[in-house]
Structures are given as structure tokens and as C-alpha cells.
Amino acid sequence: MALPTPPTTAAVPPRAQSAAEALTPLIESTYTSPEIIFYINGRKTTLSNPNPHWTLLDYIRAQPNLKGTKLGCGEGGCGACTVVLQVPESRSEKRRVKHLSVNACLFPLVGIDGKHVITVEGIGSVDKPHPLQERIAKLHGSQCGFCTPGIVMSLYALVRNAYDPETKKFKLSERDIELEGHLDGNLCRCTGYKPILQAAKTFITEDLKGKLADESTAPDDAKVDREVLDLAQTGCGSASKGSCGRPGGCCRDGPSDSSSSDSISPASTPPTEPTSTPDDENIPAVVGVAKEPQPDPALSGATYAPPVKSKENKLGETEIKTATTLEAPLSESRHGVPHVQFLEYVPGTELIFPSALWKYEPRPLCYGNGKKIWLRPTTLDQLITLKDAYPSAKLVGGASEVQVEVRFKHSDFAVSVYVSDIPELRETKLPSDAQLVSASELVIAANTPLTELETICKEVYAKLGKRAMVLEALRKQLRYFAGRQIRNVASLAGNIATASPISDANPVLLASGATLVARNKTKGAIALPMSEFFVAYRTTTLPPDAVLTHIRLPIPSHEAREVSKAYKQAKRKDDDIAIVTSAFRVRLGNEGYVEDVCLVYGGMAPTTKEAIKAKQTLLGKKWFNSETLDVALDALIKDFDLPYTVPGGMAHYRKTLTLSLFFRFWHESAAELGLGEVDNQAIDEIHRAISDGIRDDYNPNEQRVVGKQVPHLSSVKQCTGEAEYIDDMPKQDRELFGGLVLSTKAHAKVVSVDWAPALELPGVVGYIDKNSISKDKNVWGSIKKDEPFFVEDEVLHHGQVIGMVYAETALEAQAAARAVKIVYEDLPVILTIDEAIDANSFFDHGKHLRKGLALDDRMDEAFAQCDRIFEGTTRMGGQEHFYLETNAALVVPSGEDGQMEVWSSTQNTMETQEFVSQVTGVPSNRINARVKRLGGGFGGKESRSVPFACYLAIAAKKEKRPMRLMLNRDEDMLLSGQRHPVQARWRVGVSNEGKLIALEADVYDNAGYSQDMSGAVMDRCITHFDNTYECPNVYLRGHVCRTNIHSNTAFRGFGAPQGMYFAETYMYNIAEGLNMDIDELRLKNLYKVGEHTPFFQKIDDDWHVPITLEQLRRSSEYEKRKAAVAAFNKTNRWKKRGICLVPTKFGLSFATALHLNQAGAYIKIYHDGSVLLHHGGTEMGQGLYTKMCQIAAQELGVPLDSIYTQDSQTYQIANASPTAASSGSDLNGMAVKNACDQINERLAPYREQLGKDAPLRALAHAAYLDRVNLAANGFWKMPKVGYKWGDTNWDTVKPMYYYFTQGAGCTEVEVDLLTGDHTVLRTDLMMDVGNSINPAIDYGQIEGAFIQGQGLFTMEETLWTTSGQLFTKGPGTYKIPGFADIPQIFNVSLLRNDLDGKPLTWHHLRSVQSSKGIGEPPLFLGSTVFFALREAVKAAREMNGQGLQGWELDSPATSERLRLAVGDEISRKAQVVRREGEKAFFVAVA
Ligand SMILES: Cc1cc2nc3c(=O)[nH]c(=O)nc-3n(C[C@H](O)[C@H](O)[C@H](O)COP(=O)(O)OP(=O)(O)OC[C@H]3O[C@@H](n4cnc5c(N)ncnc54)[C@H](O)[C@@H]3O)c2cc1C
Ligand code: FES
Ligand code: FES
């Protein structure tokens, strides 16, 4: 095959030759191979001249059988794309392999040459899952499943590296799993992480003291790399002391504290087959390992008759058993206690390193085309020659910078050179121990992967001790540097050459006095001192034709009294770029005077920067002297005097951190050198212990199927990567891909749009925009039709859709979309709620709640009755949904009658169908809107998913070709709206005793540019403004602000968390104002049965908040811990703790959209006895399909695995309400039951005839032969509800909510006052979910919602630029909680008994199986973290003599807000003055 011709791009800096002229001779002489040869899942593969724009992920996802590896962000921030590279271990003399988890979305395709790539499909399948896959599934570690393959692969690398084939020992500890950062590059938005960690911990062999359990199957020579672990001995019941990590804790952990009961509650659909016996005990779940797990016959084991050929066919002659056991991993349960059985981790089944690769000789590669080429040299000389010939060639190491530039900054590197396979650059050779002792420096190969460098740092530090403190400082920075997958491939050279001002490694290198070694053809080795290397923003002294080859890191002499330390503060501890990062080194003379000092900061200037003024001040001063500390702090302020408007914002916080981190260093260095008594509390950073926690895991009301802890029915498929999401669906014949043209302005007139340049690009087929449909059809909206599909004449927010280009591939479509030229004329923007109020920019809303004197406009009188009145303005930021699967759709026109199959990742099939019908002009009966599963929704796909299907449908109709679209993460965040930022201006009056008397508030939400559901969100917000407290006189006014940001939308909780947050805020203000204990105030004002809410709903006697609070108070040992927290705070100067116990109630039903409270279901029993179930709900990880199948199985009296749900589609269920408002189970469950009732009635005669235990296949077959209809259409509408706004008649007003899901949460936190960093020490949650249909799913919802709430109230912060551009557009800038953020102790229980231990009954609950909706209600309990933090900071303020008067902590309680609220001397010193008219760099829009 012909060698690629290099691009003709001109060289920079100008040389005589173009790339083609410079490189062609080299390619012809050296880079003669255009083939990448590698193994994938054990199979040898050769790629000849592949697409040079492809990453590894692009290649993998282009393979029809490898769709398990997902695209979640494309920037290395979510881990959904994780695969494992199996490679020879270069630092070992022996033939050893190691397993590296890497982000396929960043990894250059060229880099897999000579390696073995393992994807999730390579390790197991539904038929034969890997134990990891099976255990995550069975322990409920997968909900929507989109993150799961990536997490499986990160754990796979860990598990495989835990085995040493030489010693044949396997060693994996809890510490390895949780504290060494193996999972820090993976995000999950659904599960709350706890069950995943528990599944991982079932592999722990601490019990075995690192020995392999079963050595009888020791690998033979040919299979030296097979890892072997027999878990049989790690399960419960072994003599070991460790925990197996199973749900409910290990049987070694002792029993949990909830009690048993055997009784069931009366309900509208009472449980049909209770299985609990009165002597059931509350025993924790049991986990075992078995060769062949035995499934529970109640759940699996359906048998089917063969097809009926003729009347003579006899029943049961040849029964066919389904093979669904593994698809639906079943958990058996005895007396309400789950018994989980695992497959053994069988030795010898792991993928081995292909023997051919041991002999593999790397050779120079080159592939590409006239626009872009890749070269892969194999020696340093080849690289130097190449760089000399063509200096502009872009070097690529781990690609963690370069690929982000390519994808998001659209940098188009014409010539890319992969350097990570060059041994001289990537292999750091450690000197012998003897050499090391006398070494004055450590020489690091520039492209050594960072995880390897971490190991080297540890090794050298272990050998040299404190002399090598700089390496320990570097290791510490590396531990919190990006995610594991990035650290496995990224390099110091990449970090240094990028010259990012927030680099974490550069401060350490600079402070240590490191020297870089570069090399070029003309000068050979060039020494570049780090101190002179950074000359301006991302500009260095590295000559363009040079390559960084080594870093020389000085190690101080034995005699030196030197200390080096590094510190970093980010929004999230794990995998986050720094806000401020620093490294310090000080050397003292014998008398303790400063001989040398170097204080280096990142994040404080356009480059990594040394504090020169502070250095000058400190030189010659006595270090251990408080005056020295003071003058150093003053000098640092001069070094880094940031203005209010500084790029990146947070001027005051960054200055404060600059001082705080030095303050910490001063203390720590003094302690290290033994200079005298220091305050050790100033030194300690926040530390995390290994997490723990229980679910109370026992269901006294368990029936044959309902009430069992059945794992999500798709969970094994999700773990093996076989579960199909929209973008995994096979490529359709002649399919095209859409690329959206998005506005770059927040508010502007569109002067012109020129799409001609886009149409000229390769692969582009066409373009659509407002001109492609008539004006009356160019409008949509969920409640009010007020937004155009395509911009008409004026753009109203950054990212608004102007048009869509479609092309043969996604990359081509996206490139073409960027080529569309748009001319704008800027208009002024309104971004914040305050700006909207000032400009009177509102949507019509006008819904108020009035109670008591407010009904007669006599709130003044109400306030006149109060002893004390408090008021405030409270703000709460929005929240990005960050579902792992971005919006996607696939439209397939049939070619006949305008019919279309419209696949969409939507929660709303009906609106998808309705609007596709509108834009295509085809009636709804020809539009089948379908969805099999969503990779998370959380409300974000309730309405905002609709336009994407419509764009595709317009184009599909025009071209008569299938169209597909999957948004990039940044597009999704720009377009799809978020949780509403809100603001309340409230006033509350109380008696001196703390009894609420009057409450009045104006509440605002930031709707964005269109209404979407913002009015309904506001309704729910003000109907939860009471949380659980009675107030006789209430006047609440809701306002919906119109601004120039994206249209905010539904998000789990739908305004209720915001309302309840306001309630708890005014309660804290009252308690502080009255100097009253907050818990006493809460109890005093809790609703009592018979009282009414501000919307006149009577609190009925299913009111369980008081007993929930009390039970949680006891089980969490709240009083004892509250006292301990107070004691801790008295004795701690630099750390404070806070604790709180907060109740919640959440109203269930589509509150003010009565018509949505209906559902349909369709059941078909085939004559073989198998059942097909459809209902209107969509599956997005919340386990709805599983619960619905359980209900159908229970009602029809069949095993669970005889029920099958294929997808949700409008051809099966017409007019389905969106799956939202936590009502999916309530509505669809009742419709399913209704259909089952009809079928049961029709089958009754056959049951009588064939016996009550006759299998369904026998009944169905008999009924079929009698021509009985075996299909039934179920329907249900929610009774009772129907509140009408403004109806204030106590007697006739209908309830707004069908019932309240109730609960309480208790959280304890610790805050580092120097940085604002925090950790959640413990959380206990208790929820009243009625009779749970599936406790495992409900626990998962509770834990997941809590963690999402924790993110909302602490770290998730959406920011805009002052001109209205969304800044937080991906996981790099927007942080959701990760594995290391969950509470260190995390206990979840369900309310089952009253305070006397008697089983509870729900007298008014008329829901299916007496269960309650649980998706949204627990989310608010994430605020317990916020309120506990508030308590901790309050303690700090009191210590610092700061009053509470006028003090507000807005949500989210970011590290910035927490640190600045401490009110100490350091933050006062760092104060930044805001000058007249100055605006902060970023805008938060609440
Ligand atoms: C999700 C994510 C998280 C991150 N988190 C952090 C973080 O916490 N802290 C932090 O500091 N950084 C972070 N980064 C930035 C990045 O990972 C680091 O800068 C990393 O060290 C880059 O190394 P690399 O090998 O991947 O560089 P590449 O992307 O391969 O290259 C980066 C630059 O270095 C040049 N280069 C590479 N090798 C050489 C060489 N031998 N000689 C000369 N030039 C060379 C390249 O030409 C390119 O200009 C993060 C990045 C991502 C995507
Ligand atoms: S898709 Fe690769 S890390 Fe998110
Ligand atoms: S299960 Fe992890 S993101 Fe949904």
C-alpha cells in the first residue's frame, strides 16, 4: 500500500519546507509502515491507514460488536469510555504484564500498536459474566448502566493487577479499592457509589493475608499471566475477620438495629401473598459464593410450551425453559432476608497476554491523509530528526491535553507524533540503592506515565526518607492529579510543556529547583532551569524544534535542614484541576535562619509563579518566629494582589488560599524540623477513612415476588456492555448524522447565516433551519408553546439552535456545523434573578398561596402578633443533570405513508410523538416514538429531549434517509437546561417561644429564555416552602423570571428541594435569632395530624415525620454525637464539625397538571405462557421496568422471568404521561394491575378447571383454544387529587398531592477552616416508602438521590461569563460528587414500625401494593450536608468573634463560600476591594 502523503501545511516557524517536503523523505526512509497491529479482546487485529482523526474510542465504537464502551464526555472526565490496556511491565526485569485503565476518548489510536486492548465485552457476557460484572449487578451497583462498563473496567484493572503471577499471590485491600484513587476517574450519577464499592470489596483478600486461596490450579508456563483468585474462602462463614462488603454489612459486623415485623398494611391493592412468618428475625443479608448459584423459583424458572401446530399438540410435552436467569440476576430471599449467591472467581478464565506480543518489535509508523498524519517514532534519534525536519509537528504523550484541545478548541494538528512508545522518554531507570544514597538528584524520563512516577516517588521516599521529601510532595500532588485513567498515560513532559498556570506538578518542580533537559538536532542536550522556563501564559523557553527528554530533580544533601511540601485546593478533592495549587521549600541554617526559600503557586497568575517579594522578605529571617509568619503573609499579598475582576474569578478566595496554604506550610515545616511547639491542627488536612454503612436489608412484608430485592432486570446486560442505548443501535442503511449549529451569543440579532461553507466540506449532505418548516410549526414547548425549534431572527441564549448540518459521520457533521458563518448584532443580556427583577423581566405566572389572615390581605395583622420577626434573602444555585448518556435520537423513516420510527433518549414518548408529528405534518398514528432505556434522565429528558428528535425528523423527511444525533457533553449542557436557580425574599414572624405565626415570601426562579415547566416548578417550590412545619398565616408569591440563559427545566425534586431549603433556612435564622436549639424549634412547629398545609391539604394520620425523626434520632445517636461535636469544636482551632437532623415531606402526583395523573398498560399473554408487558413509563435506571414486571408476576401468579418488557413506545401505549414526578410506579403500576385483573378474570374458569397452581402456559393454552382474548389494556387515573389554585374552601378543596413520601436525614461533617475543604463523616437516612415493591431499588434511589442532593448543596456550581456564555460545560469545570465524596459512614433504613416497635399501617395510602414514590423525595436530604456545614462554619464564626447577624450561607456551600464565611484574620487580610462598577469574572445566576 502507498505511504501517506503528508499535509502541505506551512511549517511554523517558517522553514524552507512545507510538511510534505520536509517529511516525505523521512516517511519513505523510516516510517514505512502504515499499519497498527494490536490485539483486542484476545483477537489479533491489523488496521491499515485508519482515519487519522480517530481516537481509540472512535475506533472501538465503530465496531458493531463493541458498543459497551461509552462516550460520556470526550474529555477524560467521566470514565464511561474506560478500557484496559494489557502491556508488558517495563520497570520489571521479568516477563510481567500490567493492566492500565485508560480513557479511550483521549487515547490516540496509534498508541495501541503492540498492545492488548481489553473492552468490557472481552471479560464477560450475559451468558458468562465476569465475577466483577455479576457482583456489581447482583449488589445493585448499576442503575441506568451508562457508567457501568467504565467502572467495571477500572475495577478489572485493579483486580488483575492485584495478582502477582510470580508469587501466585493475590492482594487486594479496602484501602486499594477506596483510597488509592483507582476509581477517581469514574463518575456515576445514579447509584451513590456505595453498592459499587461493596461489590468491589467482595474481592478483598486481606483475610487470606495476601495468599492465593486456591493454588491447585497454578498456571502452567504457557499461562503465566493468568490471575487466580478463589473467593470461596473470602465469603462469609470463613474464619477471617474482614468484611465481605455485602449489603447490610457482613455477618461479622453484627446485626443492624431495625426490628422485624410480620404484619402487612391494608392497602387498595393489598399484598397478595405474604411470605413472612411471625418468627422472622432481622438478620443481615447473606452473601455466598457458589459454582452454580441456585435461583429462586418464585423469580425464575418459567417454562413455556412449544408453538401450537395443531389441536393435537399436547400441553407440556416439550417444555422450553428460558435462559433469562443471567439477564435477570435473581436474589433469593428467606424470611425477608436476601441471600445473594455469587459465581466463583474461577482461575484460568482471564484473558492472557497474547504470546505473539512478547515478541513484538515496535517499528516506526505513519498513517493519515493529505490533511492530517500520525507518526510514531520508536527511538529518540528518530524523534529528534523528525522535529528538526518539521518543528511544528505536535508531540503527543498521554494526549490528555492535546486531545482536549482537538475536541473542544478544535485545534487541527496536521502532523502529530506519538512519543510515548520511545523507551528513552518513557522509562525512568532508578539508580541502585547505593547510588541513590549519594545521589544529589533524581533524573526522570520526561514521558514517564504519572502512575509509574507515583510508584517511583514512593519507592525513593521509602529508601531515602525525609531527604526525599520533595518526591513525597510530588507524589501527593500526583495522587490528586486528574483521574487514574489519565495518570496511567499522562506525563510530566506534557504537564510542563503545556505550561498551564494551574498545573499541579510544575509548582513542585519549580520550588525544588529542578532543571529540564531538552534535546534538539543542532545543540544536543539543552539545560533549561525551571525557574526561567515559564515566560508568559502558556509560553515557555522550550525551542520549537526541541523535545523534553528528562527532568532533573535535586535531592538535598544529608546535612541540609530542608523541608518541601505541596498543597492543592480544588472544588472536588479527586480528579479536579486546582483553584490554587502550591509547593514550598525552605532551607534553614544551623541557627534556624532562612538560607533559601522558594514559595511557588499555581492559579494565581498567568504562569506558575514564585512569590519573589515573599522570598526576599524571608531570606535571612528566623523561620520559627510568628513575626516572620506575619511578614511573609503580608509579602504574599503583595506578590499576588488579585483584582476583583481577575480572570477565573474567586479573587478573595484565591488570595485567602495563598495565605492559608503558606500558613499550613509554616506550621508543618516547623513541626518537621522540630523547631518548637506548633499547632498541629493547622497542619492536618481533611482525611478520608474507608467508607462503611448499612442498608437495613430486611422486608417483613415481602411476598412471593413483590417486596423482594430483585436486582434491576437489565443489570447484568449493563455490566457486560450488552445493554443497548440509542447510540449503540446498529448503523442503519444510508444513515446520516446531525451536527447542530449553535449560537455563540447569549442575546443578539441574527444578521446573516451563511451555511454554504459547511456544504462544501467532505461528507456533508445538507442543512436545515427555520426555513425548512413553516413559521407556525417552528414552535414548541412543554406547557406553553413559546420557543422556536430553530432561531427565527434573534438568539436568546448561548447555545440556541440555529440550524443543523447533516453528514455521513458524526465528526464530519460536527466540523461542518462549526463552518456555518453567522453574523450577530449584540443585544444586552439579562442573566441573574436580580437583573430580571430590576428589568421587570418575568413570564406570566401569578400563582400565590394564602392561608389564615393572608386570605383577607391581613398579613400586617399576622406580623403584628409576632414577638420576633426575621427576614432575609436566600439564594440557591441550579444544577446540571449530568446524566451520563447525553441526549440522543435516531429517526428511521419507513418510506411508506410518512411513517417513522423515532428512537429517542426521552422520558416523554407522547410529546416526542406529538412534536415530530407537528414538524413533519404526519399524523401521530404514523409516528412511533420509542425508548428502550435511558442512560439517566433525572427530569432533564422530560421535555428538553423533544427538539432533537424533531430536527432529525425534519431532515429524515427531507432526505428520506435515517438520521442520528448524539450531543457532545458541552452541547448537552448548553442546550438542555438545568435545575432552576432560585431566590427567596422572605419574612417570618414567631412567638418568643418559637411558634411560627406568620410567613411571607416572594420566591423567584430563573426560567431562562422560555417557560418550559418553570411555572410548575415554582408551584412545587412554594407548596414545599413549609417543609414539615405548620404556620397559621402564610402568603407565598411565586415569580418566574425571563432571562438570557438556557431554558431551565425539570430536575429530580422539581422545585421542592428549593422550597424546603428555604424553609430550613428560615428555621435556622429563627433558632439563631431566638437563641433556641434548632431541633427544639423544629419539633415545636412540626405539623400535627389534622392541620392544613398552605394549600389546604389536611395532614392525615399517615403522618410519620415525627416518629421518623425520633427513630432516626435514636438510631443515629444524635444527641450523643451533637454533644461530641460541640466538644470537638471547643478544642479545635482549625477544624470544625457540624451535625443536623432534618425532616422532609414530598408531595406525590403531577400536582397542577391533573391530566398527567393517568397511565396505560398493555399485557399480552402468548399461548405458551410467556407475557409481554408494555406500559407508559420509561426506564432510566430507576428500576421501573423491574418493579412493573414484579407487579405483573405477582398479580398473574407467575415467575418473574416469564414477564418481558421490550421498550416503551407510542404504538403500544398511546398518550403516556412523561415518566416523572416520582409517579412512574404509582401510575403505571396501577395500570399494570388493572390489566392483570382483567386477564385473571378471564382465566378464572381455567384456574378452576386446571387447579389453582396450574402454570400460566397451561391456562393460557387452554384459554387460547377457547378463543379467549389474552391481551388486556389496563388503565388507571389517580383519584382524589385535583387541587385548583385559589380554591380556599376547606370543605371542598381537593388535595394537591395523593400522599406525602416522608423521611429524615442526619449528617455530620468536618470542615478544614484554612481551605474550606470538607468531608461527610456520617449520614443516616430513614424513609417512609410504604410497602416497598423492591427494597433494593428503593435503597438505591435513596442513596443516589442523597448524593445528587449533596452535590446540589455543596459542590455543583453553574457559572456564566458576564456576557452570558456558559462556562461550566463539562466534567472539567462542573463537578458532581465522586466515589470519595460519599459519607464515610452511610446508613439507610426504611420506616417500618411505630415508636413501640409495632408494625406501621398506612390508612390512607391507595397506591399500588401500598408503596410510595421514592425517586425524588430523598434528594432534599442532601441538604443535611449543607446545614451541617453551616453549623460547622457557624462555630468557626463564633470562635472568631463574628456575629451571625446578617450572615447567610447561600447554596451551594462550595469550599470558597465555606472558607470565606469563617471570618478569620487570614481571610480579612486577603480581602479584595470591589471598585465601583466592577463585575466578577463569573456570574452565578440565582
Ligand atoms: C480530565 C483531565 C483532568 C486533568 N487534571 C489535571 C490535574 O489535576 N492537574 C494538572 O496539572 N493537570 C491536569 N490535567 C492536564 C493534563 O492531564 C496534564 O497536563 C498532563 O500532564 C499532560 O500530559 P500528557 O502526556 O497527556 O500530555 P499531552 O497531551 O500528550 O501533551 C501536552 C503538551 O505537551 C507536549 N509534549 C508532550 N511530551 C513532550 C515532550 N517530551 N517534549 C516536549 N513537549 C512534549 C505536547 O506537544 C503538548 O503540547 C488534566 C487533564 C484532563 C483532560
Ligand atoms: S467519555 Fe472518556 S472520560 Fe468521559
Ligand atoms: S448507573 Fe451510574 S450513571 Fe447511571
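- In the annotation of an unreviewed UniProt entry, the entry for the chain reads xanthine dehydrogenase, and the organism field reads Lophiostoma macrostomum CBS 122681.
- Under the UniProt heading Sequence similarities (unreviewed entry), the entry covering the chain gives this text: "Belongs to the xanthine dehydrogenase family."
- The chain has a UniProt comment under Subcellular location (unreviewed entry) that states "Peroxisome".

1. Focus on the overall build of the chain
Then, in step 1: When its secondary structure is counted, the chain shows 41 helices and 53 strands.
Then, in step 2: Whereas a compact globule of 1486 residues would reach a radius of gyration of roughly 35 Å, the chain reaches 32 Å, a difference of no more than 12%.
Then, in step 3: When its C-alpha atoms are laid out on the principal axes, the chain stretches across 95 × 85 × 75 Å.
Then, in step 4: Every one of the 1486 residues in the chain was classed for burial, and the buried ones make up 66%.
Then, in step 5: Contacts in the chain between residues at least 24 apart in sequence constitute 78% of all its contacts with a sequence separation of at least 6.
Then, in step 6: With the model as given, the accessible surface of the chain reaches about 49600 Å², and the carbon-plus-sulfur share is 51%.
Then, in step 7: When the 164 positive and 182 negative side-chain charges of the chain are each reduced to one mean point, those points stand 2 Å apart.

2. Some details on the environment of Glu 591
Then, in step 1: The residue Glu 591 is located in the loop between β24 (578–588) and β25 (594–602) in this model.
Then, in step 2: By relative accessible area, which is 58% here, Glu 591 ends up exposed.
Then, in step 3: When the C-alpha positions of Glu 591 and Val 823 are compared, they lie 68 Å apart, and in sequence the two are 232 residues distant.

3. Comments concerning the site of ligand 1
Then, in step 1: Close to ligand 1 lie 33 residues; Leu 395, Gly 397, Ser 400, Ser 491 and Asp 504 are nearest.
Then, in step 2: Between ligand 1 and Gly 397, the relevant distance is 2.6 Å, taken from an oxygen atom to a main-chain nitrogen or oxygen of the residue.
Then, in step 3: Residue Asn 495 places a side-chain N or O atom 2.8 Å away from an oxygen atom belonging to ligand 1.
Then, in step 4: Calculation on ligand 1 without its partners gives an accessible area of 980 Å², and the protein chains cover 93% of this total.
Then, in step 5: Contributions of two or more residues to the shell around ligand 1 are made by β15 (394–396), α10 (402–408), α16 (492–498) and β22 (547–554).
Then, in step 6: Broken down by element, the residue count for the shell around ligand 1 peaks at 5 residues, all from α16.
Then, in step 7: A breakdown of the residues in the shell around ligand 1 according to their chemical character gives 16 nonpolar, 10 polar and 7 charged.

4. Concerning unusual backbone geometry
Then, in step 1: Put simply, Ser 1451 and Pro 1452 share a cis peptide bond, and its omega is 5°.
Then, in step 2: Note that Pro 1452 resides in the loop between α39 (1423–1439) and α40 (1455–1461).
Then, in step 3: The phi dihedral of Phe 882 falls on the positive side, at around 50°, and the residue is not glycine.
Then, in step 4: Checked against the element boundaries, Phe 882 lands in the loop between β35 (868–876) and β36 (888–893).
Then, in step 5: Here the phi dihedral of Lys 960 falls at roughly 55°; this positive angle occurs in a residue that is not glycine.

Scoring rules and cut-offs
- Residues numbered from 1 in each chain as written.
- Chains lettered and ligands numbered in written order.
- Predicted model: local features only at pLDDT ≥ 70, side-chain atom pairs only at ≥ 80, totals over all residues.
- Heavy atoms only, no water.
- UniProt positions renumbered as here; feature names shortened; annotations may be inferred.
- Helix = DSSP H or I, 4+ residues; strand = E, 2+ residues; numbered from the N terminus.
- Rg over C-alpha atoms; globule rule 2.2 N^0.38 Å.
- Buried < 20%, exposed > 50% of the residue type's maximum accessible area, 1.4 Å probe, protein only.
- Contact = heavy atoms within 4.5 Å.
- Areas by Shrake-Rupley, 256 points an atom, 1.4 Å probe, with all protein chains shown as cover.
- Lys, Arg positive; Asp, Glu negative; His and termini not counted.
- Charge placed at Lys NZ, Arg CZ, Asp CG, Glu CD.
- Near = heavy atom within 4 Å.
- Polar contact = N/O pair within 3.5 Å; in protein donor to acceptor, adjacent residues only side chain to side chain.
- Nonpolar A, V, L, I, M, F, W, Y, C, P; charged D, E, K, R; others polar.

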